[in-house]
Amino acid sequence: MDGYGQKQYGVPTKRYVQTLELRSNEEARREYIKWHSKEYSWKEIRDGIREVGILEMEIYILGNMLVMIVDAPLDFDWDTAMARLATLPRQAEWEAFVSQFQGCSADATSDEKWQMMERMFYLYE
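Residues numbered from 1 in each chain as written. Predicted model: local features only at pLDDT ≥ 70, side-chain atom pairs only at ≥ 80, totals over all residues. Heavy atoms only, no water.

Please explain the sheet that holds strand E3 (residues 65-73) as it appears in this structure.
The sheet built from four strands is open, its strands ordered E2-E3-E1-E4 with antiparallel pairing. The open sheet terminates on both sides in strands that have one partner only, identified here as strand E2 (56-62) and strand E4 (115-116). Sheet topology places strand E1 (residues 13-21) next to E3; nine bridges connect them, and they run antiparallel. Its bridge partner lying in E3, Gln 18 is registered against Met 68. (Pairing = 2+ DSSP bridges. Helix = DSSP H or I, 4+ residues; strand = E, 2+ residues; numbered from the N terminus.)

Structure (structure tokens):
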């Protein structure tokens, strides 16, 4: 494994890490991966993520567990940005669409689906 390159933003950043469980179903897993690929992901969703100030968003998968990493500027306010994101074009449609693959209620909001993780270790100074 070669690892994944990290972008440099030229501004101080902070990171959010969340987790979500997909349905325990191989077909749901394949479809979820497909709809998040460069070819199939919805441009309006990617544009909206950037529009609310997110610099980078990555999702990693192991089995049916997802981990999402979000990098944002230091002055980024998560709650304000997510409230705004929910109002942008096709966002509600996207949330309803991907809910069929996720192990949560179809009417759950993004904040209800994705659980914020707590950092418990880093290379202390």
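In this structure, what is going on with unusual backbone geometry? I would like to understand it.
Across residues other than glycine, the phi torsion is negative in most instances, and most of the peptide bonds are trans. Positive phi is not limited to glycine here, since Arg 90 has a value of about 70°. Relative to the helices and strands, Arg 90 resides in the loop between helix H3 (78-85) and helix H4 (91-98).

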